[in-house]
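# Understanding the architecture of this molecule
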Amino acid sequence: MATKRPGTTPQIQTIEAARERLGLGYGEIAAAIHTQERTLDQWMKGGATPPPIFLDRLNGMAKLLRELERTFADADDARAWLRAPNPSLGQATPRELVAAGEMERVADMLYALNAGIPT
């Protein structure tokens with residue numbers, strides 16, 4: 001299981017924020033960015049640096065976190081929204097899409113909501 005290390009990079013901060021704000025476990029975060037939990041653990045411990053493709057995926061997760069903060073003043077409200085079936089997503093929950101690696105789709109949906117664009 002991944003452990004937090006003292007000197008954090010923006011990527012590590014994103015991983016920790018996903019745990020704290022989204023309530024995702026390390027295994028779920030690893031699945032969302034299409035890697036293994038032990039690889040995530042190596043990044044967290046500073047034993048390896050994420051390759052560019054994973055940096056892009058972590059940036060997608062950071063974008064989602066920013067849009068959630070813009071949309072919901074309360075973290076509990078954000079987590080409740082993530083767990084609720086959404087008609088715009090074919091009754092899937094946003095959290096299910098995040099776990100499937102579709103963070104950008106969920107972030108774009110939130111951006112549209114904030115901009116007043118129908119989804």
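For the structure given in this document, a descriptive report is provided here. (Residues numbered from 1 in each chain as written. Predicted model: local features only at pLDDT ≥ 70, side-chain atom pairs only at ≥ 80, totals over all residues. Heavy atoms only, no water.)

## Notes on the overall build of the protein
Counting its secondary structure elements, the protein contains seven helices and zero strands. From first element to last, N terminus to C terminus, the protein shows the α and β order α-α-α-α-α-α-α. On C-alpha atoms alone, the protein measures out to a radius of gyration of 14 Å, which is about the 14 Å that the 2.2 N^0.38 rule sets for 119 residues. Reported as C-alpha extents along the three principal axes, the dimensions of the protein are approximately 45 × 25 × 25 Å. Looking at the protein as a whole, 39% of its 119 residues qualify as buried. Partitioning the contacts of the protein with sequence separation of at least 6, the portion at a separation of at least 24 is 56%. Surface exposure of the protein reaches about 6300 Å², of which carbon and sulfur atoms provide 51%. Treating the 14 positive side-chain charges of the protein as one cloud and the 15 negative ones as another, the clouds have centres 4 Å apart. (Helix = DSSP H or I, 4+ residues; strand = E, 2+ residues; numbered from the N terminus. Rg over C-alpha atoms; globule rule 2.2 N^0.38 Å. Buried < 20%, exposed > 50% of the residue type's maximum accessible area, 1.4 Å probe, protein only. Contact = heavy atoms within 4.5 Å. Areas by Shrake-Rupley, 256 points an atom, 1.4 Å probe, with all protein chains shown as cover. Lys, Arg positive; Asp, Glu negative; His and termini not counted. Charge placed at Lys NZ, Arg CZ, Asp CG, Glu CD.)

## Points about the environment of E16
Turning to its location among the elements, E16 is positioned in helix α1 (residues 10–22). You can call E16 buried: its relative accessible area is 8%. Considered as a pair, E16 and A92 are 76 residues apart in the sequence and their alpha carbons are 25 Å apart.

## What about the packing of helix α4 (residues 52–71) against helix α7 (residues 103–115)?
It is at 8 Å that the axes of α4 and α7 come closest, and there the two elements cross at 30°. Taken as axis vectors, α4 and α7 run roughly parallel relative to one another. For the pair α4 and α7, the sense of crossing is left-handed. The segment α4 lies against α7, with R57, G60, M61, K63, L64, E67, L68, R70 and T71 engaging M103, E104, V106, A107, D108, L110, Y111 and N114. Among the residues forming the contact of α4 with α7, the class breakdown is eight nonpolar, three polar and six charged. (Axes fitted to C-alpha atoms, helices over the stretch in contact; angles between N-to-C directions. Parallel < 35°, antiparallel > 145°, perpendicular 65-115°, else oblique. Left-handed = near helix turned anticlockwise from the far one by under 90°. Nonpolar A, V, L, I, M, F, W, Y, C, P; charged D, E, K, R; others polar.)

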